[in-house]
Amino acid sequence: MTRAVFPGSFDPFTNGHLDIVKRCANLFDEVIVGVGDNLSKKYWFSIEERVELARQSTAGMPGVQVRALDGLLAKWCVENDVDVIVKGLRSAVDAGFELPQATVNRELGDIETILLATNPALAHISSTIVKEVAANGGDVSSMVSAGVKETLDIKIRG
């Protein structure tokens, strides 16, 4: 049985993230959407809210679970019997960021990283863009699930 983790901050979970999860579900026996914190980011949503939004977005997908991550990813993978880390790549900029991380995770935990090219139709979507569009009154319904859109609307009206 092969377990993969798709880690990220998911602030919020987008249709681009969902596409990667769906594709991973076809490649691996079990997929964990790992919601974590990045010290360099300021979040709109708490980790509990981000876990819930990811759960709503992936509900009913066989073999997919959502969990909060804490600590060093390579160590977490070893402790949770995860075989593979999957990262989505939208551009060469993402590759420049992800490749060194993949090397570190291999050195620290002997964990392989698979870099999965994003569906070109979704490559323009990022959590940052979703928040920017939503905050300025734009329609994000093509970028996120209905539940995430509703939660964003509530947060903005807040």
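In short, a report on the structure. (Residues numbered from 1 in each chain as written. Predicted model: local features only at pLDDT ≥ 70, side-chain atom pairs only at ≥ 80, totals over all residues. Heavy atoms only, no water.)

1. A look at unusual backbone geometry
Okay, step 1: With omega at 5 degrees, the peptide bond leading from aspartate 11 into proline 12 counts as cis.
Okay, step 2: Structurally, the position occupied by proline 12 is in the loop between strand 1 (3–8) and helix 1 (15–27).
Okay, step 3: Positive phi values are uncommon outside glycine, yet phenylalanine 10 reaches one of about 50 degrees.
Okay, step 4: Among the structural elements, phenylalanine 10 can be located in the loop between strand 1 and helix 1.
Okay, step 5: A positive phi is found at aspartate 110, a non-glycine position, where the angle reads about 50 degrees.
Okay, step 6: With respect to the helices and strands, the residue aspartate 110 is situated in the loop between helix 4 (92–109) and strand 5 (112–117).
Okay, step 7: Among the residues examined, aspartate 110 registers a relative accessible area of 55% and is labelled exposed. (Helix = DSSP H or I, 4+ residues; strand = E, 2+ residues; numbered from the N terminus. Buried < 20%, exposed > 50% of the residue type's maximum accessible area, 1.4 Å probe, protein only.)

2. Side note on the packing of aromatic side chains
Okay, step 1: On inspection of all chains with the given rule, the structure shows two aromatic pairs.
Okay, step 2: Measuring from ring centre to ring centre gives 5.3 Å for phenylalanine 10 and phenylalanine 13, while their planes differ by 45 degrees; the resulting arrangement is tilted. Of the two residues, phenylalanine 10 and phenylalanine 13, neither departs from the other in class, the shared state being buried.
Okay, step 3: Through pairs of rings, three or more aromatic residues link up here, namely Phe6, Phe10 and Phe13.
Okay, step 4: Here the guanidinium or amino end of arginine 50 rests over the ring plane of tyrosine 43, the centre of that ring lying 3.9 Å away. (Phe/Tyr/Trp six-rings, centres within 6.5 Å; stacked < 30°, edge-to-face > 60°. Lys NZ or Arg CZ within 6 Å of the ring centre and 35° of its normal.)

3. Quick word on the sheet that holds strand 4 (residues 84–89)
Okay, step 1: One open sheet accounts for five strands, arranged 3-2-1-4-5; its pairing is parallel. Two strands lie at the open edges of the sheet, namely strand 3 (64–68) and strand 5, each paired on one side alone. For this sheet, the mean inter-axis angle between neighbouring strands, taken without regard to orientation, is 30 degrees.
Okay, step 2: The pairing of strand 1 with strand 4 spans two bridges and is classified as parallel. Across the sheet, the residue bridging to alanine 4 is valine 84, located in strand 4.
Okay, step 3: Here helix 1 sits on the sheet and contacts strand 1, strand 2 (30–35), strand 3, strand 4 and strand 5; the angle it forms with strand 5, its principal contact strand, is near 120 degrees.
Okay, step 4: Strands in contact with helix 2 (residues 47–58) are strand 2 and strand 3; relative to strand 3, the strand with the most contacts, it is inclined by about 175 degrees. (Pairing = 2+ DSSP bridges. Axes fitted to C-alpha atoms, helices over the stretch in contact; angles between N-to-C directions. Contact = heavy atoms within 4.5 Å.)

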